[in-house]
Amino acid sequence: MADKKIKTDGVDMLRLLGLNDANLQIIENRFDADIIVRGDTIILRGETHQIEQLEKIFKELIYILSKNGTLTTNDVETVIDLVMVNGEAALPKSITQQYSESELDNAVLFTRNGIIKARTPGQREYIKQIRKNDIVFAIGPAGTGKTYLAVAMAVAALKNREIMKIVLARPAVEAGESLGFLPGDMKEKVDPYLRPLYDALDDMIPPEKLKNYIEKRVIEVVPLAYMRGRTLNNSFVILDEAQNATSMQMKMFLTRLGMNSKAIITGDITQIDLPAKTVSGLVQIQEILKQIEGVAFCYFDRNDVVRHKLVKDIIDAYDKYTANGKSGTSNEQSTNGN
């Protein structure tokens with residue numbers, strides 16, 4: 001058992017605890033510990049692990065209140081979820097002992113199954129640029145970890161409470177298919193396009209926690225068209241398969257970025273599925289933003305492929321085929337993989 005006192009000098013306790021203690025009740029319903037409020041002091045009593053989590057929660061809520069001047073029940077629930085997930089993220093000794101100190105230092109994300117880390121020089125430079133810049137473009141062939149590492153960086157930022165939301169987007173353009181001719185409602189139509197993003201999240205977040213995040217919209221996986229009109233603050237935003245975004249869609253996506261947010265844009269400019277004569281926004285943006293500070297471009301090649309060893313050979317075979325002038329169309333059909 002443990003006791004902890006938190007001083008809240010200068011904090012508006014009514015806003016912190018909520019109208020009729022609504023915020024406090026949310027916290028009490030999630031923990032078995034005793035929470036006693038006396039004036040400007042919050043007293044916590046209970047199991048050591050829960051007290052440590054509660055201390056983090058109240059300190060984070062006080063920070064948000066001081067920064068925004070208000071605190072919603074959604075803020076409270078989100079902070080609780082983030083702190084609890086962050087506590088679960090640490091690897092047990094049985095796993096950490098399998099890795100060297102250098103490998104652990106270079107880890108992007110700790111999961112229950114091990115660590116996610118950069119495995120090639122190109123990937124290490126990619127991670128470096130993401131940490132350094134607010135907008136990063138990752139361009140290269142399938143299997144180089146562009147999307148997977150971006151999602152891992154986003155989940156790590158969420159667990160570390162550096163951001164409050166993850167938004168993953170993809171253009172709903174694949175091999176010339178039209179959404180209007182696909183069966184089902186809108187969700188059923190677009191889910192196949194978004195499946196690779198869900199697969200990456202499944203590797204990094206426990207199923208129940210991921211379901212909870214999606215329900216509360218802490219994590220959103222959406223078609224690119226759904227981004228219009230939004231401003232995303234305190235967010236990590238990823239645009240996957242960006243070679244299939246038009247010039248106007250790319251501009252729309254990039255201008256959604258709000259305060260304290262990052263955007264990662266991934267794609268393969270050799271696998272464009274847009275109609276003939278339609279300019280890919282990913283191709284065009286390399287010229288438009290090449291001199292902008294805070295924007296980085298990372299280029300991957302076959303040496304960064306981390307899938308099955310045959311993937312490198314397949315990429316080489318296609319490159320040779322195209323180089324010999326045997327490509328039948330100006331826009332290569334997508335193999336749908338990053």
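Above this text you will find the structure in question.
Per-chain numbering applies: the sequence of each chain, read as written, is numbered from 1 onward. With the structure being a predicted model, the display of local features is reserved for residues of pLDDT at least 70 and the display and counting of side-chain atom pairs for 80 or more, all residues being used for whole-chain, interface and lining totals. As a rule here, side-chain values come from all non-hydrogen atoms in the structure, and water together with hydrogens is ignored.

Enquirer: What exactly am I supposed to notice about helix α12 (residues 281-288) here?
Expert: Helical geometry: 3.6 residues make up each α-helical turn, so side chains three or four residues apart lie on a common side. The rule is simple: take the accessible area with a 1.4 Å probe, protein chains only, and divide by the maximum for that residue type; under 20% is buried, over 50% is exposed, in between is partly exposed. Put simply, DSSP marks the helices as runs of H or I at least four residues long and the strands as runs of E at least two long, and each gets a number from the N terminus on. Buried within α12 are the following residues: G281, L282, I285 and Q286. Buried residues along α12 cover an arc of 145° about the axis, so they all sit on one side. If you follow the buried residues of α12, they end up packed against β6 (135-139), α11 (247-254), β10 (262-267) and β11 (295-299). Within 3.5 Å is the distance limit for a polar contact, defined as a pair of N or O atoms, with the added protein rule that one can donate a hydrogen and the other accept it, and that residues adjacent in sequence qualify only through two side-chain atoms. With a side-chain oxygen lying 3.2 Å from the backbone nitrogen of L282, the N-terminal cap of α12 falls on S280. Here, the arc refers to the directions that run from the helix axis to the C-beta atoms. By the convention used here, residues are in contact when the closest approach between their heavy atoms is within 4.5 Å.

Enquirer: Please clarify how the layout of surface pockets should be interpreted in this entry.
Expert: To locate leftover empty space, one rolls a probe as large as a water molecule over the atoms. Points on a 1 Å grid over protein atoms alone make up a cavity when a 1.4 Å probe fits among them but cannot get out, and a pocket when they form an open set with protein on both sides within 12 Å along at least five of seven lines; lining residues each have an atom within 4 Å of a point. Grid points are joined across faces, edges and corners, and a volume is the space filled by probe spheres set on the points. Considering only enclosed or pocket space, the second largest pocket measures out at about 460 Å³ in volume. Lining the second largest pocket are 23 residues, with N68, D75, M164, N233 and N234 sitting closest to its centre. Of the residues forming the lining of the second largest pocket, the biggest block, five residues, is contributed by helix α3 (residues 48-68). Looking at side-chain class alone, the lining of the second largest pocket contains six nonpolar, nine polar and eight charged residues. We call Asp, Glu, Lys and Arg charged. Ala, Val, Leu, Ile, Met, Phe, Trp, Tyr, Cys and Pro are nonpolar, and the rest, Gly among them, are polar.

Enquirer: I keep staring at the packing of helix α7 (residues 121-132) against helix α8 (residues 146-159) and nothing clicks. Help me out?
Expert: Two measures define how a pair of helices packs: the angle their axes make with one another and the distance between the axes. Geometry is summarised by axes, namely lines fitted to C-alpha atoms with helices restricted to the contacting stretch, and by angles between N-to-C directions that run from 0 to 180 degrees. The contact between α7 and α8 brings their axes to 11 Å, and the two run at 40°. One way to sum up the angle between α7 and α8 is to call them oblique. The two elements α7 and α8 meet at a crossing, and its hand is right-handed. Counted together, Q123, Y126, I127, I130 and R131 of α7 and K146, L149, A150 and M153 of α8 form the full contact between these two elements. Grouping the amino acids of the contact of α7 with α8 by side-chain chemistry returns six nonpolar, one polar and two charged. Each angle is binned into one of four classes, with values under 35 degrees roughly parallel, values over 145 roughly antiparallel, values of 65 to 115 roughly perpendicular, and all other values oblique. Crossing handedness is defined as follows: a turn of the near helix away from the far one that is anticlockwise and smaller than a right angle gives a left-handed crossing, while the clockwise case is right-handed.

Enquirer: Before we go on, may I ask you to explain the pattern of salt bridges in this structure?
Expert: Close approach of charged atoms allows side chains of opposite charge to pair. For this document, the term salt bridge refers to a Lys or Arg side-chain nitrogen within 4 Å of an Asp or Glu carboxyl oxygen. This structure, assessed with the given rule, holds 12 salt bridges. One salt bridge connects R15 with D12, and the closest N-O pair in it is separated by 3.7 Å. Within the structure, one salt-bridge network assembled from shared partners comprises K165, R217, E220 and R230.

Enquirer: Any chance you could explain the sheet that holds β10 here in plain terms?
Expert: To summarise the sheet geometry, strands pair through backbone hydrogen bonds and adopt either a parallel or an antiparallel arrangement. The criterion for strand pairing is that DSSP finds at least two bridges linking the strands in question. Strand order in this open sheet of six strands is β8-β7-β9-β10-β6-β11, and the pairing throughout is parallel. Every other strand in the sheet has two partners, leaving β8 (219-223) and β11 as the edge strands with one partner each. This sheet shows a mean twist of 15° between the axes of neighbouring strands, independent of strand direction. Sheet topology note: the strand β7 (residues 165-170)/strand β9 (residues 235-239) ladder contains five bridges and is parallel.

Enquirer: Is there a simple way to explain the environment of I163 in this structure?
Expert: Relative to the helices and strands, I163 resides in the loop between α8 and β7. Note on I163: relative accessible area 6%, which makes it buried. For the pair I163 and N260, spaced 97 residues apart in the sequence, the C-alpha separation amounts to 7.4 Å. With residues up to four places along the chain from it excluded, the contact list for I163 reads L82, A154, A157, L158, N234, S235, F236 and N260.

Enquirer: Would you mind showing me how to read the sheet that holds strand β1 (residues 2-7) here?
Expert: With respect to topology, three strands assemble into an open sheet ordered β1-β3-β2, the strand pairing being antiparallel. The two strands at the open ends of the sheet, each matched to only one other strand, are β1 and β2 (34-38). When strand polarity is set aside, the average angle formed by the axes of neighbouring strands in this sheet is 15°. Two elements, β2 and strand β3 (residues 41-46), share five bridges in a ladder whose sense is antiparallel. Each bridged residue has a counterpart across the sheet, and for I36 the counterpart in β3 is I43. Helix-sheet contacts for α3 involve β1, β2 and β3, and the interaxial angle to β3 is about 155°.

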